[in-house]
Amino acid sequence: MRKLKNLSSLFGSSLKAKAKTKAAATSTAATTTTVKTSQGMDAALKHYVSSLDISSPSISHSITKGSVKFPKPPLDPINAPSLSVLSAIPILNAEDSGSDYGDASVASPDLQRTSRKTSLENKLEIPWVPNFHTEIRSERRKETLGVRATMVAFGKLGRENGVKEYNALIEICINKARESDDEDFALEYISRAFKLMKLMKEQGFQLENETYGPFLMYIIDMGVTATNKYHTPFAENYLLALCETEQKNELLQLLEIIDITKVSSLDHAVSIFKSLGRLMLEPLAEKFLLEFKECDYGIENISTLIFSYATSIPNLAVEDAILKFKNMHSVLEIAPALKLYEKLIIFCCDSHKVHAALDVVDQICREGLTLSIDMLNSILLASEASFEFNLGQRIYSLVRHHNLIPNCETFRSMISLRAKMKDFGGAYDLLDDLKKLKLTPTASMYNAIMAVYFREKNINGALAVFKKMKLAGVKPDSQTYSYLIVNCDNEDQIIKYHEELKIAGISVSKQIYMALINAYATCGQFEKAKQVLSDERIPLKNFNEIKSVLVSALASHGQLDDALGLYEEIKNAGNSLEPKSVICLIDHLQSEGEISRLLKLLEELQDPDYWVDGCCRVIMYCMRNKHISSAVNLLKQLKDRISSDELVMQVLFDEVFSLFAETQPMELHMGLELLQAIKDELCVCPSRKSLDFLLSACGRAKDLHNSLSIWKEYEAAGYPYNVTSYLRHTLIFLLSFQALDVSSPFGFRGPKIGEAYAC
């Protein structure tokens, strides 16, 4: 039996487009004659729908009494590429009795039953169309009618297909399955209904309760009870689909009738426990964990389920997730498996919670377990990524205290952390400690120290590292020479290091080509920078990336025309400019009249992080050049993309409004216009700092009227007035009297007030 692994395509909770049900078809001369539809046509249409073959070619399948066994689906040229659950569900084929689709005299007995309360034509509102029989026969000659052909046929009947039509067809399939005593027959129509649901998703329709709800009721009504659990692949896959969509009420109902310990794989059990975590159903999770323990599911597997639950609880701090993980193990009176401790470490590192990861390491060592050095290396990398450089010493102490055996990568990371702390002595001490562990120093260890010296513009310090490297008998590598070349300040040095590299027999990597381009551009040798691209040894796979670096180098050194020309060459060749180079162009295209070009460059950024970075830069350009409408439009897009990160939006708003505290008083109206747009169109409350900047701008403009408006914004936003805001507002009040050339009520004259405001 083929395992059904991916259910997101069935009940995906992140469908972005919600389709609207289409209106009834436009009346035509043909449909105006259909007010009274003949009984013969009704019968033919009913029979046609009831006998539709929503299937691939016929396949063999087997049914065992009391359970349904799903066969492997055939290779279907239409559905084979899909990895969704629906493409894995068998699409069965059945020839109903009397299946001449065009014979108006034959009607399906299933749809003629008196128990059917609503006729199909009322459900679908399908009008009669002349030559319908001919249409069906024509389709029948071409192929066995499938779901897509069915929808085409309905379209020819003069009606677009909407949620109502799909739900009606699905209901037919469910009802036919209910009415049948033949499990073979029932399974066939359930499969047809799944196929219809797949089509709905493909067409962008939202799968609501009205669509998938009948499936749950069908399972419950199959005679499955809590005291007599009936675990079938269909029931399990439907359970997984509910887990994906987090339909809490339906999920709880189904969990009452499913024996969770009989799920077909650990992956499926993990999906269920992740859903329990997201829905915060802890009592149920603990109940199921006890059931798994009683059936000897395996300690490591149970630990996996606990981890899946604890790390899926929403808005739970990493430290609290770890505590939950430990407590649930204590309740079950089992010890966490080492593999799950390591998963916890990765979970902490991914969240940049390095201190928590080190606490887990301490726990592992206290329990006498052997920590993988790869885990320690992951923590070191996370420390560097989260700028926790000071943790290098703690990690080294942990290595020595627990007699862990570090490798060269461990030392490289620790040396890098020491160097970034400006503890160069400590970095060299680590190099000396290598001898004690009988490890050989590598070029990457020296490169880590050299890179920091170059970043600090300490050229002599970097060259001293290069000298020590040679004295220690460590051969420089391509990265070493790329650092040396890119930091050259004249052409002679570039040539010198390039020649040394060749003599040493080091292959020219893409980093070397990039270093040469940047070095020549820094020295003003732009033509030589361009000539680097003519080297035939450049691998084709790296050529576009290296060319993008040339675009950045030219733009950064004032050669914008050449940079834009290369950018157009890259586009015309069907390639894309590297994201960093796009950001570089955005930074340097800051003259007036570049808004359209900047917006096009922004469209080039596909990576979400780079897009956010580029969008912020273009917004600032818009504000400096008075493109308020464009700025508001970009702010809307930015809010849609990072709605979950309020801090980023707040920082951006503060930076935007800071511009008005520095601009000419006549530009104050732009800030007020932007404030109103942010409130009205983005529904965002401005920060206190943003209002402070606007109040300062009002002071520069001596604008008492607008300062009173801003003063009210503090109250509307719920910000209590502080000393700074009171002082600013009072000074604006005094300055307004100065502007009128009258004495203030406090007895101050203009010059003194101006001096006070400046202070």
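Note that the structure is a prediction, hence the values are computed from the model and not measured.

Enquirer: An account of the overall build of the chain is needed here, citing residue identities and associated values.
Expert: For the chain, the count of helices and strands is 39 helices and two strands. For the chain, the residues scored as buried account for 48% of the 759 residues in total. Contacts in the chain between residues far apart in sequence, at least 24 positions, make up 68% of those at least 6 positions apart. For the chain, the computed accessible surface area is about 37700 Å², with 52% contributed by carbon and sulfur atoms.

Enquirer: Before we move on, could you go through the UniProt feature "repeat: PPR" (unreviewed entry) in the chain and cite the residues and values that matter?
Expert: In the numbering used here, UniProt assigns the feature "repeat: PPR" (unreviewed entry) to residues 442-476. A helix fraction of 74% and a strand fraction of 0% characterise residues 442-476, whose end C-alpha atoms lie 9 Å from each other.

Enquirer: Describe in detail unusual backbone geometry, supporting the description with residues and values.
Expert: Despite not being glycine, Asn315 has its phi angle at roughly 60°, a positive value. In this model, Lys457 sits at a positive phi of 60°, which is unusual for a non-glycine residue. In this structure, Lys457 sits in the loop between helix H22 (443-455) and helix H23 (459-471). With a relative accessible area of 68%, Lys457 lands in the exposed category.

Enquirer: Go over the confidence of the model for the chain, please, and point to the residues and values.
Expert: Chain-level pLDDT for the chain is 75 on average; 70% of the residues reach the 70-or-more range. Confidence drops under pLDDT 50 across residues 1-145; counting only partners more than four residues distant or on other chains, this segment forms 241 contacts. Within the model, pLDDT remains below 50 along residues 739-759, and this stretch shows 28 contacts once partners closer than five positions in the same chain are excluded.

Enquirer: Tell me about the nonpolar core, residues and numbers included.
Expert: The biggest cluster of nonpolar side chains holds 201 residues, and the ones touching the most others in it are Phe273, Leu276, Ile345 and Leu638. Ignoring any residue separated from it by four or fewer positions in sequence, one finds Leu276 in contact with Leu255, Leu281, Leu284, Ala285, Phe288 and Tyr309.

Enquirer: So what's going on with helix H16 (residues 338-350)? Residues and values would help.
Expert: Over its 13 residues, H16 runs 19 Å from end to end, which matches the ideal 18 Å to within 8%, given 1.5 Å per residue. For H16, the set of buried residues is Leu340, Tyr341, Glu342, Leu344, Ile345, Phe347, Cys348 and Cys349. Of the surrounding secondary structure, the elements contacted by the buried residues of H16 are helix H14 (299-310), helix H15 (318-332), helix H17 (354-366) and helix H18 (373-385).

Enquirer: Describe the packing of aromatic side chains, and please don't skip the residues or the numbers.
Expert: Aromatic ring pairs: the centre-centre distance and the angle between the two ring planes describe each pair. All told, the structure shown has nine aromatic pairs when counted by the stated rule. Look at Phe307 and Phe347: their rings are 6.3 Å apart centre to centre, the planes differ by 85°, and that puts the pair in the edge-to-face class. Taken as a pair, Phe307 in helix H14 and Phe347 in helix H16 lie far apart in primary sequence, 40 residues in all. Note on accessibility: Phe307 and Phe347 belong to one class, buried.

Enquirer: Quick rundown of the side chain of Asn167? Include the residues and the values.
Expert: Structurally, the position occupied by Asn167 is in helix H7 (residues 163-179). Setting aside residues no more than four positions away along its own chain, Asn167 makes contact with Met200, Glu210 and Thr211.

Enquirer: A description of the pattern of salt bridges should follow, citing residues and the corresponding values.
Expert: Summed over the entire model, instances satisfying the criterion amount to 24 salt bridges. As a salt-bridge pair, Lys530 and Glu527 come within 3.3 Å of each other at their nearest N and O atoms. Of this pair, Lys530 and Glu527 both sit in helix H27 (residues 526-531), separated by three residues, roughly a single helical turn. Arg617 serves as the salt-bridge partner of Asp587, at 2.6 Å between the closest nitrogen and oxygen. In this pair, Asp587 is assigned in helix H30 (residues 579-588) and Arg617 in helix H32 (residues 608-624), connecting sequence segments 30 residues apart. Residue classification places Arg617 among the partly exposed positions, given a relative accessible area of 29%.

Enquirer: Any details on H32? Residues and values, ideally.
Expert: With 17 residues, H32 extends 25 Å between its outermost C-alpha atoms, agreeing within 8% with the 24 Å of an ideal straight helix rising 1.5 Å per residue. Those residues of H32 that fall on the buried side of the exposure criterion are Trp611, Val612, Gly614, Cys615, Cys616, Val618, Ile619, Met620, Tyr621, Cys622 and Met623. Contacts made by the buried residues of H32 are with H30, helix H31 (595-604), helix H33 (628-641), helix H34 (646-658) and helix H35 (668-681). The opening residue of H32, the one whose side-chain oxygen lies 3.0 Å from the backbone nitrogen of Asp609, is Asp607.

Enquirer: Describe the packing of H17 against H18, and please don't skip the residues or the numbers.
Expert: At a minimum axis separation of 10 Å, H17 and H18 run at an interaxial angle of 160°. Considering the angle they form, H17 stands roughly antiparallel to H18. In this structure, the crossing between H17 and H18 has a hand that is left-handed. Residues Val354, Ala357, Leu358 and Val361 of H17 pack against Ile379, Ala382 and Ser383 of H18. The residue makeup of the contact of H17 with H18, split by class, is six nonpolar, one polar and no charged.

Enquirer: Pulling in residues and values, what's your account of the side chain of Arg412?
Expert: Structurally, the position occupied by Arg412 is in helix H20 (residues 408-420). Of the residues examined, Arg412 reaches a relative accessible area of 18% and is grouped as buried. Residues in contact with Arg412, not counting those within four places in the same chain, are Leu381, Glu384, Ser444 and Met445.

Enquirer: Any chance you could break down the packing of helix H24 (residues 478-486) against helix H25 (residues 491-503) for me, citing the residues and the numbers?
Expert: Axis separation between H24 and H25 bottoms out at 9 Å; the angle between their running directions is 170°. Comparing the axis directions of H24 and H25 gives the class roughly antiparallel. For the crossing formed where H24 meets H25, the hand is left-handed. For the pair formed by H24 and H25, the contact residues are Tyr481, Leu484 and Ile485 on the first element and Ile494, Tyr497, His498, Glu500 and Leu501 on the second. Tallied by class, the residues present in the contact of H24 with H25 amount to six nonpolar, one polar and one charged.

Enquirer: Run through the environment of Ala462, naming residues and quoting values.
Expert: As for its position among the elements, Ala462 is in helix H23. Ala462 sits in the buried class, given a relative accessible area of 0%. For the pair Ala462 and Tyr483, spaced 21 residues apart in sequence, the C-alpha to C-alpha distance is 9.3 Å. In contact with Ala462, other than residues within four places in its own chain, are Met450, Tyr453 and Phe454.

Conventions used here
Residues numbered from 1 in each chain as written. Predicted model: local features only at pLDDT ≥ 70, side-chain atom pairs only at ≥ 80, totals over all residues. Heavy atoms only, no water. Helix = DSSP H or I, 4+ residues; strand = E, 2+ residues; numbered from the N terminus. Buried < 20%, exposed > 50% of the residue type's maximum accessible area, 1.4 Å probe, protein only. Contact = heavy atoms within 4.5 Å. Areas by Shrake-Rupley, 256 points an atom, 1.4 Å probe, with all protein chains shown as cover. UniProt positions renumbered as here; feature names shortened; annotations may be inferred. pLDDT = per-residue confidence, 0-100. Core = buried A, V, L, I, M, F, W, Y, C linked by side-chain atoms within 4.5 Å. Expected span 1.5 Å × (residues − 1). Phe/Tyr/Trp six-rings, centres within 6.5 Å; stacked < 30°, edge-to-face > 60°. Salt bridge = Lys/Arg side-chain N within 4 Å of Asp/Glu carboxyl O. Polar contact = N/O pair within 3.5 Å; in protein donor to acceptor, adjacent residues only side chain to side chain. Axes fitted to C-alpha atoms, helices over the stretch in contact; angles between N-to-C directions. Parallel < 35°, antiparallel > 145°, perpendicular 65-115°, else oblique. Left-handed = near helix turned anticlockwise from the far one by under 90°. Nonpolar A, V, L, I, M, F, W, Y, C, P; charged D, E, K, R; others polar.

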